[in-house]
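Observations on chain architecture
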Amino acid sequence: QVNLLQSGAALVKPGASVKLSCKASGYTFTDYYIHWVKQSHGKSLEWIGYINPNSGYTNYNEKFKSKATLTVDKSTNTAYMELSRLTSEDSATYYCTIRYYFDYWGQGVMVTVSS
Amino acid sequence: DIQMTQSPASLSASLGETISIECRASEDIYSNLAWYQQKSGKSPQLLIYAANRLQDGVPSRFSGSGSGTQYSLKISGMQPEDEGDYFCLQGSKFMYTFGAGTKLELK
């Protein structure tokens, strides 16, 4: 069965960067784009962007173009999202999800930005 | 960018009651719309895709309808397990936008 296993919670200092991972199993890794979604405290969801694992092509929400960098490692079926120059506004839960209508989701990872 | 306006923000329903949640897009999204349920502390779960197609395993009391810029999710007969947050998502041209969400509670 499809499983997206995300890395554990992160506590990071303002101005630093963090790299989140999403390890896929149960399907052919290159078959589906991998999307990332941000959920801020209080529930609103924002689409960050997606990566084509086959080609490495990325497409970002304009709002996150200078914040997020999406990559993949096909040898380990793992997708990554690096968030840079972190501020308190980046404190949120981040999800990876696949397929056009986001059929499958990772369990989410909470990122807390605090000194 | 396409904006999604979801209403109501919150809703309280009695057991067995039929409820509807609406999403309006700022432009035609050609039925590229999905609905999700999210329970506290969990990941969202896909209920409806392509505006009116029921995801495998989702109870038939959930249904979706709409076209153009107007879409709705209907729950025909509220159950206790239906409590949670509901979101719409538009995915036109591989650019995605979520609605702000609806909190559904059992009265």
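What you see is a predicted model, and the numbers here were worked out from it, not measured in a lab.

Moving on to the environment of Trp35(B). Along the chain, Trp35(B) falls in strand S4 (residues 33–38). Sequence spacing of Trp35(B) and Tyr71(B) is 36 residues, and the spatial spacing of their C-alpha atoms is 9.9 Å.

Here the focus is the interface of chain A and chain B. Contacts between the two partners involve 20 residues from chain A, matched on the other side by 28 residues from chain B. Contact between chain A and chain B buries roughly 1,900 Å² in total, counting both sides, with carbon and sulfur atoms accounting for 61%. Together, Lys43(A), Tyr100(A) and Tyr101(A) form the three largest contributors to the area buried by chain A at its contact with chain B, with a combined 40%. Joining chain A to chain B, the criterion identifies zero salt bridges.

This next bit is on the packing of aromatic side chains. Per the counting criterion, the structure on display carries 18 aromatic pairs over all chains. Ring geometry for Tyr33(A) and Phe94(B): centres 5.4 Å apart, planes at 45°, overall tilted. Within this pair, whereas Tyr33(A) is found in the loop between strand S3 (18–25) and strand S4 (34–39), its partner Phe94(B) is found in the loop between strand S9 (84–90) and strand S10 (97–98), the two belonging to separate chains. Pairing Phe102(A) with Phe98(B) gives two aromatic rings, centres 6.3 Å apart and planes at 50°, and the pair type is tilted. Of this pair, Phe102(A) sits in the loop between strand S9 (92–98) and strand S10 (104–105) while Phe98(B) is found in strand S10, placing the two residues in two different chains. Here the two residues Phe102(A) and Phe98(B) agree in accessibility, since each one is buried. Residue placement shows Lys19(A) over the ring face of Tyr80(A); its charged tip is 4.9 Å from the ring centre.

Okay, the sheet that holds strand S8 (residues 70–76) of chain B next. Note on sheets: strands pair through backbone hydrogen bonds, and any given pair is parallel or antiparallel. Residues and elements named next belong to chain B. Pairing within the open sheet is antiparallel, and its four strands lie in the order S1-S3-S8-S7. Each edge of the open sheet is held by one strand with a lone partner, namely strand S1 (4–7) and strand S7 (62–67). Between one strand axis and the next, the sheet turns through 15° on average, direction left out of account. Pairing geometry for strand S3 (residues 18–25) and S8, over seven bridges, is antiparallel. Paired with Ile21 across the strands is Leu73, a residue of S8.

In this section: the side chain of Lys38(A). Residue and element names in this part refer to chain A. Locating Lys38 in the fold gives a position in strand S4. Glu46 provides the closest opposite charge to the buried, unpaired Lys38, separated from it by 4.3 Å. Within the structure, Lys38 has its side chain in polar contact with the backbone oxygen of Glu89 (distance 2.8 Å).

Let us look at the state of the cysteines. One pass over the full model with this rule turns up two disulfides over all chains. A disulfide bridge connects Cys22(A) with Cys96(A), and the sulfur atoms are separated by 2.1 Å. Looking down the S-S bond of the Cys22(A) and Cys96(A) bridge, the torsion is 80°, so its handedness is right-handed. Pair noted here: Cys22(A) is in strand S3 and Cys96(A) is in strand S9, with a separation of 74 residues, a long-range link. Residue Cys22(A) is classed as buried on the basis of its relative accessible area, which comes to 1%. Residue class for Cys96(A) comes out buried when judged on its relative accessible area of 0%. Linked covalently through their sulfurs, Cys23(B) and Cys88(B) form a disulfide whose S-S length is 1.9 Å. Judged by the torsion about the S-S bond (-85°), the Cys23(B)/Cys88(B) disulfide is left-handed. You can see Cys23(B) sitting in strand S3 and its partner Cys88(B) sitting in strand S9, a full 65 residues away along the chain. Cys88(B) shares its class with Cys23(B); the two are buried.

Each value, and the rule that gives it
- Each chain carries its own residue numbering, running from 1 in the written order of its sequence.
- Each chain gets a letter, beginning with A, and each ligand a number, beginning with 1, in the order they are written.
- Where totals are concerned, whole chains, interfaces and linings use all residues; where local detail is concerned, this predicted model gives features only for residues with pLDDT of at least 70, and gives and counts side-chain atom pairs only at 80 or more.
- With hydrogens and water excluded, all non-hydrogen atoms of the structure serve as input to the side-chain values.
- Each helix is a run of DSSP H or I of at least 4 residues and each strand a run of E of at least 2, with the numbering of both proceeding from the N terminus.
- Whether two residues are in contact is decided by their heavy atoms, any of which lying within 4.5 Å being enough.
- Put simply, buried area is the surface a 1.4 Å probe can reach on two separate parts but cannot reach once they are joined, added for both.
- Salt bridge, as applied in this entry: a Lys or Arg side-chain nitrogen positioned within 4 Å of an Asp or Glu carboxyl oxygen.
- Stacked, tilted and edge-to-face are the three classes applied to pairs of Phe, Tyr and Trp rings, where Trp contributes its six-membered ring and a pair requires centres within 6.5 Å; stacked means planes under 30 degrees apart, edge-to-face means over 60, and tilted covers the rest.
- For the exposure calls, accessible area comes from a 1.4 Å probe over protein chains only, and a residue counts as buried if that area is under 20% of its type's maximum, exposed if over 50%, partly exposed in between.
- Here, a charge over a ring is recorded when the distance from Lys NZ or Arg CZ to the ring centre is within 6 Å and its angle to the ring normal is within 35 degrees.
- In this analysis, strands are considered paired if DSSP registers two or more bridges between them.
- Here an axis means a line fitted to C-alpha atoms, over the contact stretch when the element is a helix, while the angle between two N-to-C directions is reported on a 0 to 180 degree scale.
- Counted as positive: Lys and Arg. Counted as negative: Asp and Glu, with His and the chain ends omitted from the count.
- N or O atoms closer than or at 3.5 Å make up a polar contact, with two conditions inside protein: a donor-capable atom paired with an acceptor-capable one, and, for residues adjacent in sequence, both atoms drawn from side chains.
- The criterion for a disulfide is a pair of cysteine sulfur atoms lying within 2.5 Å.

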